[in-house]
4 protein chains.
Amino acid sequence: MGAVKTKRMPRAVREQQMLDAAVEIFGRRGYMAASMDEIAELAGVSKPLVYLYLNSKEDLFTACIRREAKALVEAVRAGVHTDLPADRQLWDGLQAFFAHTGQHPHAWSVLHLQARTHGEPFAAEVAAMRAEIVAFVTQLIAVAAREAHRAPDLPEHEVAGLAEALVGAAESLAAWANTTEGVSARQAAATLMNFAWAGLGNLMGGRPWTAPPEPQPLT
Amino acid sequence: MGAVKTKRMPRAVREQQMLDAAVEIFGRRGYMAASMDEIAELAGVSKPLVYLYLNSKEDLFTACIRREAKALVEAVRAGVHTDLPADRQLWDGLQAFFAHTGQHPHAWSVLHLQARTHGEPFAAEVAAMRAEIVAFVTQLIAVAAREAHRAPDLPEHEVAGLAEALVGAAESLAAWANTTEGVSARQAAATLMNFAWAGLGNLMGGRPWTAPPEPQPLT
Amino acid sequence: MGAVKTKRMPRAVREQQMLDAAVEIFGRRGYMAASMDEIAELAGVSKPLVYLYLNSKEDLFTACIRREAKALVEAVRAGVHTDLPADRQLWDGLQAFFAHTGQHPHAWSVLHLQARTHGEPFAAEVAAMRAEIVAFVTQLIAVAAREAHRAPDLPEHEVAGLAEALVGAAESLAAWANTTEGVSARQAAATLMNFAWAGLGNLMGGRPWTAPPEPQPLT
Amino acid sequence: MGAVKTKRMPRAVREQQMLDAAVEIFGRRGYMAASMDEIAELAGVSKPLVYLYLNSKEDLFTACIRREAKALVEAVRAGVHTDLPADRQLWDGLQAFFAHTGQHPHAWSVLHLQARTHGEPFAAEVAAMRAEIVAFVTQLIAVAAREAHRAPDLPEHEVAGLAEALVGAAESLAAWANTTEGVSARQAAATLMNFAWAGLGNLMGGRPWTAPPEPQPLT
DNA sequence: TATGAATGAGGGTTCATTCAT
DNA sequence: AATGAATGAACCCTCATTCAT
């Protein structure tokens, strides 16, 4: 199952093999439970070579996060055409997102679970990527509102909250789509678009929702 | 900071002290990085006693998950009054959810991050709780639709997807609310209700969203 | 050859056994070449127990240095009676010194070679002991001079240099006495007393030695 | 700080660069802690070249010891003029010794500490050099005694002991002179000459020292 | 003459777990 | 009801050393 044992490869190639193996093992076992021995074996090299090229378990993990974060962002970017309407951009982006995470489950596990579960060096790394995506979505929502000649006065932090919720929902659905039989990337994206665009309110006949008054302490 | 060292306590009490300590350490360090030594010390007992009562690290972790899952579900249940309208039930449930997770961050970390990050014995445990909540939300959505005399033909798996998305968004927002300064449980709940009920569509002037046609392979 | 494997001993006893083993191995192999495995085996315990009681290789080494430094100083102190004349005190001290180092060659190796060969944590430890001994000798020389109603104006730093030279010579002779067949502690002490007291000058018929004039740079 | 990276140099030159680097690293880190990697890097060559020229870490260390031992002996020899009186020869030799060790602290560390701290291959190497110096001093003492028409019957092993003590004191003072601020080679040599020639006895008004009778076991 | 690529072996350290009291 | 004493197994990391060019 591991890489075929080929000897004497240039450093750049070997490094990618090591990262491939590391992403798989980190994704499967988790950061702490992953052993450098297993990673080296899967990469088809000896352990010292892994250390020679990637310094330490922490550095190796960081390198994995960086590579996979970059790959995910690029996959989403490649799926989006900025000259299309905002809703279409969101739809395309979501599809690309679900497709990529579905095709690289270990990488998604590394980004979504492992990196956030362990301390600051790693969480920051993935937080940067997430911020980038949230910013992208925030801007899409703003553009969409403008296109619809609506909500010129939508408060900014409200939009941020909505974007956060959308991205959060997408992240959760990624796990759902990857685990549940018969749910494709397209279906996951459609569900989320329906949820986000039409809202549940549509089901209720347009009756808008308003928060009940905050309970006051008895005087 | 740990439990006061009192000798000769009944077993049930000691067990709760141990679980308290374990939840805190598991939540802070993660499952693998948590050491039985640290847990025993924080609980104010010797290590063999932990093993005598809770058998193994795995069993201890499982016990933590079970206790905290039950507590979370009960907290949400206690916040909801089933004789109120569906939207009010959802609103109350969300508030209870965000309040409880905010007040028990270690417990939420155990349920949301640690349990899912490590293999099958634990993921299943928390999946059961999640299924319970998703079912509750699914039924709420159905009730709401019926109350509004709408969507009599809404396909079931569509509703399930929406519920999944809603719960996922809530889980993501929990982290957001707990980390972001100045975001209270009430605000997080409001943001999510707006998102779910009004949808983004409202911003767009009611223009409904429809998926573009699936690309067909060339004949 | 190692300690008899007796189970379940109180901590204090086990610690001494470990220090015994550690001193022997450190003395034989040197600090870096000594392996914790070998030390544990010689002590008749498992490695984790060594770490449980003594924390780390560095701490173990420090503990060895402290114990042996204290033992050596006490051995010398026990040999000296402060109510005897100064020369007799020096003679007795030297004998005790050579006897102790001869009987504990590994300990002497740890103090004289290993501790000084490795960085600051350790060198400082043994420097303190050495300073104590040098101070003792310095004072002895001063007392001897006073007893002889001589050298009331002997400059202090001169005395310090002499004491340093005497202690250095003693340390070197310790190795010589321990390695050379047929040289006892008594003989080593006698040689050094002759050297220090009578000086080589006696051999020369009392002709005192004076430094030639320092060469001046050409004007 | 390392050698400038120049390609294609004759073997003899490269070897000296490697030995320079090795002496510095061995002196700074100690034999075991020194890594071939660091030595090669400081020498400005690749590791295989070090092995090609010097075979192994042991051989490299031996080569260092040999080169530096030779250099030290030659430095002392160059400082001594055999046609001068014995005390002047000793004085000049000591000055040369302290000057050389002060100027080459890493080399002195290799000879005095590292070589003796590690097993037989190396200790023998430096013991040979030391024996040469002790023999030189022994002969100087004998000559001085003859010049003074004294001590025709001085037992040989007594002289050897005195020489040993003198050399040992010199070695110890070398460390003292190199570490203590404001102690020059000249001062160190003067202190030692005073100690050796005049002796402490001079301070005592010529009162000779005699060993107290050896304690007899009770009959 | 010179080096990039690669590894077997071993060392320090920690952990979950048990025994005997 | 509770603990001090003890360990097998594994993990991260480093090093001296070689191969193929």
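Computed from a predicted structure; not experimentally measured. (Residues numbered from 1 in each chain as written. Chains lettered and ligands numbered in written order. Predicted model: local features only at pLDDT ≥ 70, side-chain atom pairs only at ≥ 80, totals over all residues. Heavy atoms only, no water.)

### Re the overall build of chain A
This is how the line gets drawn: Helix and strand assignments come from DSSP, with helices taken as H or I runs of at least 4 residues and strands as E runs of at least 2, each series counted from the N terminus. Each residue is assigned to one of three classes by its accessible area relative to the maximum for its type, calculated with a 1.4 Å probe on protein chains only: buried under 20%, partly exposed between the two thresholds, exposed over 50%. Only heavy atoms enter the contact rule, under which two residues are in contact if any of them lie within 4.5 Å. With residues, only the protein chains shown are counted as cover, and all accessible areas are computed by Shrake-Rupley using a 1.4 Å probe.
Scanning chain A from terminus to terminus reveals 9 helices and 0 strands. Ordering the α and β elements of chain A from the N terminus gives α-α-α-α-α-α-α-α-α. Put simply, chain A has 219 residues, and 48% of those count as buried. Long-range pairs, those at least 24 residues apart, make up 68% of the contacts in chain A between residues at least 6 apart in sequence. Working note: accessible area of chain A is about 10900 Å², and carbon and sulfur atoms make up 56% of it.

### Overview of the UniProt feature "domain: HTH tetR-type" (unreviewed entry) in chain A
Just so we agree on the cut-off: UniProt positions are given in the numbering used here, feature names are shortened, and annotations may be inferred rather than shown by experiment.
Taken from the UniProt record, the annotation "domain: HTH tetR-type" (unreviewed entry) applies to residues 12-72 of chain A. Taken end to end, residues 12-72 of chain A is 82% helix and 0% strand, and its two terminal C-alpha atoms sit 21 Å from one another.

### A few points about the packing of aromatic side chains
In this description, an aromatic ring pair is defined by two values, namely the gap between the centres and the angle between the planes. Residue and element names in this part refer to chain C. Put simply, the rule reads: Any pair of Phe, Tyr and Trp rings, taking the six-membered ring for Trp, is counted once the centres come within 6.5 Å. Such a pair is stacked with planes under 30 degrees apart, edge-to-face with planes over 60 apart, and tilted for the rest.
For the structure on display, the rule yields 28 aromatic pairs over all chains. With centroids separated by 5.3 Å and ring planes inclined at 90 degrees, the aromatic side chains of Phe97 and Trp108 adopt a geometry described as edge-to-face. Taken together, the positions of Phe97 in helix α5 (residues 86-103) and Trp108 in helix α6 (residues 105-117) put the pair 11 residues apart, joining distant regions of the chain. By relative accessible area, which is 8% here, Trp108 ends up buried.

### Details of the protein's contact with DNA strand F
Heads up, the condition is: Here a residue is near a molecule or strand as soon as one of its heavy atoms is found within 4 Å of it. Any pair of nitrogen or oxygen atoms within 3.5 Å is treated as a polar contact; in protein, a donor-acceptor pairing is required on top of that, and neighbouring residues in sequence qualify only through side-chain atoms on both sides. When residues are grouped by polarity, Ala, Val, Leu, Ile, Met, Phe, Trp, Tyr, Cys and Pro land in nonpolar, Asp, Glu, Lys and Arg in charged, and all others, Gly among them, in polar.
Looking at DNA strand F, there are 35 residues lining it, with A:Lys47, A:Tyr51, C:Arg8, C:Pro48 and D:Tyr51 nearest. Sugar and phosphate atoms represent 54% of those atoms of DNA strand F found within 4 Å of the protein. B:Arg14 places a side-chain nitrogen or oxygen 3.5 Å from a phosphate oxygen of DNA strand F. Residue assignment for the surface near DNA strand F shows that the elements contributing at least two residues are α3 (47-54) of chain A, α3 (47-54) of chain B, α1 (11-29) and α3 (47-54) of chain C together with α3 (47-54) of chain D. In the surface near DNA strand F, the residues fall into 18 nonpolar, 6 polar and 11 charged.

### Focus on the environment of D:Arg186
Looking at the secondary structure, you find D:Arg186 in helix α9 (residues 185-198). Once the C-alpha coordinates of D:Arg186 and D:Thr117 are considered, the two residues, 69 residues apart in sequence, prove to be 29 Å apart. Aside from chain neighbours lying at most four places away, what touches D:Arg186 is C:Pro212, C:Pro213, C:Glu214, D:Trp91 and D:Gln95.

### Digging into the pattern of salt bridges
For side chains of opposite charge, pairing can occur when their charged atoms come near one another. As a reminder, the rule being used: Salt bridges, as used here, are contacts in which a Lys or Arg side-chain nitrogen is within 4 Å of a carboxyl oxygen on Asp or Glu.
Applying the stated criterion across every chain yields a total of 48 salt bridges over all chains. A:Arg88 is paired through a salt bridge with A:Asp92; the nearest N and O atoms lie 3.1 Å apart. Separated by 4 residues within a single helix, A:Arg88 and A:Asp92 lie in helix α5 (residues 86-103), roughly one turn from each other. Exposure remark for A:Arg88: the relative accessible area of 32% places this residue in the partly exposed category. As a salt-bridge pair, C:Arg66 and C:Glu125 come within 2.5 Å of each other at their nearest N and O atoms. Placement of the pair is C:Arg66 in helix α4 (residues 57-79) and C:Glu125 in helix α7 (residues 120-147), with a sequence separation of 59 residues. Given a relative accessible area of 21%, C:Glu125 falls into the partly exposed group. Because the salt bridges share partners, they merge into one network encompassing A:Arg116, A:Arg130, A:Glu164 and A:Glu171.

### Considerations on the side chain of C:Asp92
Look at C:Asp92 and you get buried, because its relative accessible area is 10%. When neighbours within four sequence positions are excluded, C:Asp92 is seen to be in contact with C:Gly79, C:Val80 and C:Leu84.

### Some remarks on the protein's contact with DNA strand E
Near DNA strand E you find 35 residues, and of these A:Arg8, A:Pro48, B:Lys47, B:Tyr51 and C:Tyr51 are the closest. Considering the 4 Å shell around the protein, atoms of DNA strand E inside it are sugar or phosphate in 55% of instances. Taking C:Ala34, its main chain carries an N or O atom lying 3.2 Å from a phosphate oxygen of DNA strand E. Elements that contribute at least two residues to the surface near DNA strand E include exactly α1 (11-29) and α3 of chain A, α3 of chain B, α3 of chain C together with α3 of chain D.

### Things to note about the UniProt feature "DNA-binding region" (unreviewed entry) in chain A
Look at the UniProt record and you will see "DNA-binding region" (unreviewed entry) annotated at residues 35-54 of chain A. Helix makes up 80% of residues 35-54 of chain A and strand 0%. Its end C-alpha atoms lie 14 Å apart.

### Focus on the environment of C:Ala63
All names here are of chain C. Note on placement: Ala63 falls in helix α4. Taking C-alpha positions, Ala63 is 9.5 Å from Val23, a pair spaced 40 residues apart along the chain. When residues no more than four places from it in sequence are discounted, the contact partners of Ala63 are Leu19 and Leu54.

### Section: α6(C)
Note the cut-off: Expected span of a helix, by definition, is 1.5 Å for each gap between consecutive residues, and there is one gap fewer than residues. At any given residue, the bend is defined as the angle formed between two axes, one fitted to the seven residues that end at that position and one fitted to the seven that begin there.
Taking 1.5 Å as the rise per residue, α6(C) with 13 residues should run 18 Å; its terminal C-alpha atoms sit 17 Å apart, in good agreement. Of all the bends in α6(C), the greatest measures close to 30 degrees and is centred on C:Leu111. Burial analysis of α6(C) places 10 of its 13 residues in the buried class, which makes it a mostly covered element. Three or more residues of α6(C) are buried, namely C:Ala107, C:Trp108, C:Ser109, C:Val110, C:Leu111, C:His112, C:Leu113, C:Gln114, C:Ala115 and C:Thr117. Those residues of α6(C) hidden inside the fold are in contact with α1, α4, α5, α7 and α8 (156-179) of chain C together with α6 (105-117) of chain D.

### Let's talk about the packing of α4(C) against α7(C)
Residue and element names in this part refer to chain C. What counts is decided by this rule: Axis definition: a line fitted to C-alpha atoms, over the contacting stretch in the case of helices. Angles run 0 to 180 degrees between N-to-C directions. Oblique is the label for every angle not falling under 35 degrees (roughly parallel), over 145 degrees (roughly antiparallel), or within 65 to 115 degrees (roughly perpendicular).
At their nearest, the axes of α4 and α7 sit 10 Å apart, and the two run at 5 degrees to each other. With respect to each other, α4 and α7 are oriented roughly parallel. Contacts between α4 and α7 involve Glu58, Phe61, Thr62, Ile65, Arg66, Ala69, Leu72, Val73 and Arg77 from the first element and Pro121, Phe122, Glu125, Val126, Met129 and Glu132 from the second. Looking at the contact of α4 with α7, its residues break down into 9 nonpolar, 1 polar and 5 charged.

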